[in-house]
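Each chain, letter by letter, is given below.
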Amino acid sequence: MTPQQRGPARASADRLGRLLNLVPYLLARPGIAVAEAAADFRITERQLREDLELLWVCGLPGYGPGDLIDMALDGDRVTITYDAGIDRPLRLNPDEALALVVALRMLAETPGIGSRDAIERALVKIESAAGDLGDAPVAVALPAATERLDAVRDIVERRRAMRITYYTAARDETTDRVVDPMRVLMVGNRAYLEAWCRRAEGTRLFRLDRIDAFTELDEPAAPPATAVPHDLRDGVFHPGPGLPLVTLRVGRGSRWITEYYPCEEVRRDGDEWVVTLRVTDLGWAQRFLLGMGPDVTVAAPAALVERIRAQATTALDQYAAPGPSTP
């Protein structure tokens, strides 16, 4: 199977690696026959000539005639006359190799990641080439319940219904639900179960780390025809006009809110930013904003302002109350 048959992305990666090694190879073999070089790289003569044409327009920044790779192609033989600094195969220094090993180990630990076999093969090759770095005391572990993910995925693949105990952070409540699983997916670094919720009569996303318990039911999963998968190209949360609108006055230390949460409007007002955003639930907003401290002030809606004021007053009253007397 040729690189092209394995797909354009793989073919491009193969060609890049070949080009990086082609110049030092040709430097060590001046006047080599094109057919012999092509055989060594396991490509056709036509592919090799196309690679040489591409190398002819590569070189150092500036990319003038004196900066580009130059070669003499005499009939069926080729000689590199200027290497533009690419005079040896690409090698990783110890820091680069270690960083690559750590990144690949993290990928291998990520639940739901595709092409795990390819990652493992790459790790074996790099660790073998890196010598002592392969045995470096580096352990990579992600805070993901891999066993839970595998168990839920198994239920989904066998198309079985589930009973779950789920914590909803927006309402700070735990509920029991019967769901018809549709798929397991990764969004960012979190795993989700997408299912038809019989309690809500709609398609819902359940974060796996918030499923406190689950049981496979002795009945097939049967999501109705109206169970449409979520469009997650822009993330999990899609603020719409039906959600509560909150306006905040944000100090310098809390401007990260505008980067972490979708905002409808951000404008300057002196040293503060006035931020308008939508939230799934005022209860969630109340708990979130109470933890922000004096750097964030709620301007609207009035109902949220009153709820935060009342809870803050109750908390202060608890501090003011005298403690139990000691004997």
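About the thresholds
- Starting afresh in each chain, residues are numbered from 1 along the sequence in its written order.
- Under the rules for a predicted model, residues below a pLDDT of 70 receive no local features and side-chain atom pairs below 80 are neither given nor counted, while totals for whole chains, interfaces and linings still include all residues.
- Working from all heavy atoms in the structure, the side-chain values ignore hydrogens and water.
- Centres within 6.5 Å make a pair out of two Phe, Tyr or Trp rings, where for Trp the six-membered ring is used; the pair is then stacked when the planes are under 30 degrees apart, edge-to-face when over 60, and tilted otherwise.
- Numbering of helices and strands runs from the N terminus, with a helix taken as a DSSP run of H or I at least four residues long and a strand as a DSSP run of E at least two residues long.
- Whether a residue is buried, partly exposed or exposed follows from its accessible area with a 1.4 Å probe, protein chains only, as a fraction of its type maximum: under 20%, in between, or over 50%, in that order.
- The working definition used for a salt bridge is a side-chain nitrogen of Lys or Arg within 4 Å of a carboxyl oxygen of Asp or Glu.
- Here a cavity denotes grid points, spaced 1 Å and computed from the protein atoms alone, that fit a 1.4 Å probe unable to get out, and a pocket denotes an open set having protein on both sides within 12 Å along at least 5 of 7 lines; residues with an atom within 4 Å of a point are the lining.
- Grid points are joined across faces, edges and corners, and a volume is the space filled by probe spheres set on the points.
- We call Asp, Glu, Lys and Arg charged. Ala, Val, Leu, Ile, Met, Phe, Trp, Tyr, Cys and Pro are nonpolar, and the rest, Gly among them, are polar.

Under an unreviewed UniProt entry, the name given to the protein chain is Proteasome accessory factor C, and the source organism is Couchioplanes caeruleus.

Student: Explain the packing of aromatic side chains to me, using residue names and the numbers behind them.
Tutor: Enumeration according to the criterion identifies 2 aromatic pairs in this entry. Their ring planes at 80 degrees and their centres at 5.0 Å tell us that tyrosine 166 and phenylalanine 206 sit as a pair that is edge-to-face. One end of the pair, tyrosine 166, is in strand β4 (residues 160-168); the other, phenylalanine 206, is in strand β7 (residues 202-207), with 40 residues separating them in the sequence. Given a relative accessible area of 7%, tyrosine 166 falls into the buried group.

Student: Describe the pattern of salt bridges, with residues and values.
Tutor: What the rule picks out here adds up to 17 salt bridges. A salt bridge links aspartate 51 to arginine 18; its shortest N-O distance comes to 2.6 Å. With aspartate 51 in helix α3 (residues 45-55) and arginine 18 in helix α1 (residues 8-27), this pair connects stretches of sequence that are 33 residues apart. We note that aspartate 51, like arginine 18, is buried. Here arginine 49 makes a salt bridge to aspartate 76, at a shortest N to O gap of 3.2 Å. In this pair, arginine 49 sits in helix α3 while aspartate 76 sits in the loop between β2 (70-74) and β3 (77-82), placing the two residues 27 residues apart along the sequence. Under the relative-accessibility criterion, arginine 49 is labelled partly exposed at 27%. For aspartate 76, a relative accessible area of 51% corresponds to the exposed category.

Student: With reference to specific residues and values, describe empty space enclosed by the protein.
Tutor: Inspection of every chain in the model, using the stated rule, returns 1 cavity of 30 Å³ or more. Approximately 60 Å³ is the volume attributed to the largest cavity. Considering the residues around the largest cavity, the lining is formed by Val246, Leu248, Ile257, Leu277, Val279, Trp284, Ala285, Phe288 and Leu289. Put simply, the parts of the chain that give the lining of the largest cavity at least two residues each are β9 (245-250) and α8 (282-290). Residues belonging to the lining of the largest cavity are distributed by class as follows: 9 nonpolar, no polar and no charged.

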